[in-house]
Amino acid sequence: MSRSPRGSSMIPRIPQQRKPAQFTATKLTYFFPPADGSRALSHISADPATGERLKNWNEDIRAVQIEGIRGKEDISGFQYYRHPAKLTKFTNDKEIEEGYYPESVELLKKLTGASRVVIFDHTIRRRRPGVIDDNPQKRQPVALVRADQTAASCVARVHRHLPATDVPALLRGRFQIINLWRPISHPAVDWPLAVCDFRTLNTKEDLVPVALIYPDREGETYGVKYNPNQKWMYESAMDPKDLVLLKCCPPETRISFDSVQDGSVAIMTPHTGFEDPRTPKDAPLKESIELRALVSYEN
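Residues numbered from 1 in each chain as written. Predicted model: local features only at pLDDT ≥ 70, side-chain atom pairs only at ≥ 80, totals over all residues. Heavy atoms only, no water.

**Student:** Got a sec to walk through a negative patch on the surface? Specific residues and values, please.
**Tutor:** On the surface, a cluster of negative charge is made up of D93, E95, E97 and E98. Mapped onto the elements, E97 comes out in helix α1 (residues 93–112). (Patch = residues over 30% accessible without salt bridge, like charges linked within 9 Å, V, L, I, M, F, W, Y side chains within 5 Å. Areas by Shrake-Rupley, 256 points an atom, 1.4 Å probe, with all protein chains shown as cover. Salt bridge = Lys/Arg side-chain N within 4 Å of Asp/Glu carboxyl O. Lys, Arg positive; Asp, Glu negative; His and termini not counted. Charge placed at Lys NZ, Arg CZ, Asp CG, Glu CD. Helix = DSSP H or I, 4+ residues; strand = E, 2+ residues; numbered from the N terminus.)

This is the structure:
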């Protein structure tokens with residue numbers, strides 16, 4: 001991501017000294033392609049009776065080690081910051097759109113140096129065991145390794161959320177899709193968010209496009225296949241003053257996070273919620289908000 005503009009008080013948290021690595025042993029759920037070679041797809045709407053979403057691919061559960069990086073953050077497709085939100089109650093969509101959206105636009109401009117930020121949606125997730133995740137008000141943490149956008153869906157987002165007259169110029173320039181994620185209500189000790197170091201991802205072998213079938217349209221994300229070379233990290237006990245920015249656009253779009261397209265720049269952030277075996281039994285259930293934004297820069 002671009003560095004903060006000169007004079008901005010918002011800077012990445014840089015460690016003063018390297019601490020010994022601490023790892024958590026857990027299991028992550030990966031994507032496994034359809035056995036018949038057909039196009040992978042998932043329906044966004046869950047069955048109201050079972051809570052299951054129709055899909056034609058399988059899950060692949062693997063044991064992994066996740067490095068705790070509290071106090072030693074790295075820039076590998078993601079970046080952690082500490083900045084409290086002015087809005088503290090995330091129970092009303094109108095208040096979120098009228099309050100949290102504008103402050104997040106300004107925050108993203110400060111953190112990235114972008115000239116324009118358009119937030120196109122948000123998702124509140126509250127872990128509620130036994131509750132069926134069958135509508136946007138009941139979204140639960142996702143225990144599946146994935147990356148939010150493919151090349152096709154990145155471009156589709158531009159056409160979907162910007163005026164038609166703005167699209168050609170933006171596609172000729174540099175833009176990003178950024179996911180701004182933070183806990184709400186209390187620290188995210190329960191089911192924390194794990195992120196994959198982009199440098200350990202094989203973008204040609206590990207990523208498979210998955211069609212997302214909505215009632216009125218079709219989207220697309222990446223399913224992520226297991227690769228033992230992938231390095232996973234998380235920041236433990238993130239609280240509502242913490243946030244992380246996740247990169248979303250893949251390299252083949254040529255409209256990603258940098259003009260450098262030789263594999264040396266992080267382009268996207270595979271991520272997932274996971275069960276931390278060290279979580280206290282009385283820890284409050286995870287609650288979070290994620291914003292997705294189109295972020296563009298003046299040429």
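**Student:** For the nonpolar core, give the residues involved together with the corresponding values.
**Tutor:** One finds F90, I96, Y100, V117, L180, L245 and I289 to be the most contacted residues of the largest nonpolar core, which totals 25 residues. Going through the elements one at a time, α1, β5 (116–126), β7 (175–183), β12 (242–247) and β14 (287–296) are the ones with two or more residues in this core. The leading source of residues in this core is α1, at seven residues. Filtering out sequence-adjacent residues up to four positions away, I96 remains in contact with L87, F90, Y101, H122, I124 and I289. By size, the runner-up hydrophobic cluster in this structure holds 18 residues, among which are V64, I66, F198 and Y222. (Core = buried A, V, L, I, M, F, W, Y, C linked by side-chain atoms within 4.5 Å. Buried < 20%, exposed > 50% of the residue type's maximum accessible area, 1.4 Å probe, protein only. Contact = heavy atoms within 4.5 Å.)

**Student:** Provide a residue-level description of the side chain of E103, including the pertinent values.
**Tutor:** Summarising the element assignment, E103 is placed in helix α1. Although E103 is buried, it makes no salt bridge; R182 carries the closest opposite charge, 5.7 Å away. Ignoring anything within four residues of it in the chain, the contact list for E103 reads P84, A85, K86 and L87.

**Student:** Give a description of the pairing of strand β2 (residues 40–43) that names residues and reports values.
**Tutor:** Residues A40 and S42 of β2 are buried on one face, while the alternating residues L41 and H43, pointing to the opposite face, are not. Of the strand pairs in this sheet, β2 and strand β9 (residues 207–213) are connected by four bridges, and their pairing is parallel. The residue bridging H43 from the neighbouring strand is I213, located in β9. (Pairing = 2+ DSSP bridges.)

**Student:** So what about the pattern of salt bridges? Which residues, and what values?
**Tutor:** Applying the stated rule across the entire model yields 14 salt bridges. Close ionic contact of E218 with R39 constitutes a salt bridge, the shortest N to O distance being 2.4 Å. Separated by 179 residues along the polypeptide, E218 in strand β10 (residues 218–224) and R39 in the loop between β1 (22–32) and β2 bring together distant segments of the chain. R199 serves as the salt-bridge partner of D197, at 2.8 Å between the closest nitrogen and oxygen. Its relative accessible area of 2% is what places D197 among the buried residues. Through salt bridges with shared partners, one network takes in D121, R125, E290 and R292.

**Student:** Just give me the short version of the sheet that holds β7, but keep the residues and values in it.
**Tutor:** Spatially, the five strands line up as an open sheet ordered β4-β12-β7-β14-β5, and their pairing is antiparallel. Edge positions in the open sheet fall to β4 (78–82) and β5, since each of these has one partner strand only. Each neighbouring strand pair of the sheet contributes to a mean axis angle of 20°, computed without reference to strand direction. Pairing of β4 with β12 involves five bridges; the strand directions are antiparallel. Directly across from R82, in β12, lies its bridge partner D242. Against the sheet, α1 contacts β4, β5, β7, β12 and β14, and its axis sits at roughly 125° relative to β5. (Axes fitted to C-alpha atoms, helices over the stretch in contact; angles between N-to-C directions.)

**Student:** So what's going on with unusual backbone geometry? Residues and values would help.
**Tutor:** The phi torsion at S185 lies on the positive side, around 75°, for a residue other than glycine. Within the secondary structure, S185 is located in the loop between β7 and β8 (193–196). Residue classification places S185 among the exposed residues on the basis of a relative accessible area of 53%. We note that W191 has phi near 45°; this positive angle belongs to a residue other than glycine. Locating W191 in the fold gives a position in the loop between β7 and β8.

**Student:** Could you give an account of the confidence of the model for the protein, naming the residues involved and the relevant values?
**Tutor:** Detailed conclusions should not be drawn from predicted coordinates in areas where pLDDT is low. This prediction gives the protein a mean pLDDT of 85; 85% of its residues lie at or above 70. Note on residues 2–18: pLDDT under 50 across the span, and 37 contacts to partners over four residues away in sequence or across chains. Residue range residues 251–261 is modelled with pLDDT below 50. Its contacts to residues more than four positions away, or to other chains, number 32 contacts. (pLDDT = per-residue confidence, 0-100.)

**Student:** So what's going on with the packing of aromatic side chains? Residues and values would help.
**Tutor:** Scanning all chains against the criterion turns up six aromatic pairs. Aromatic side chains Y30 and Y226 sit 5.3 Å apart centroid to centroid with 80° between the ring planes, which places their arrangement in the edge-to-face category. With Y30 in strand β1 and Y226 in the loop between β10 and β11 (232–234), the pair connects residues that are 196 residues apart, well separated along the chain. Residue Y30 is classed as buried on the basis of its relative accessible area of 0%. (Phe/Tyr/Trp six-rings, centres within 6.5 Å; stacked < 30°, edge-to-face > 60°.)

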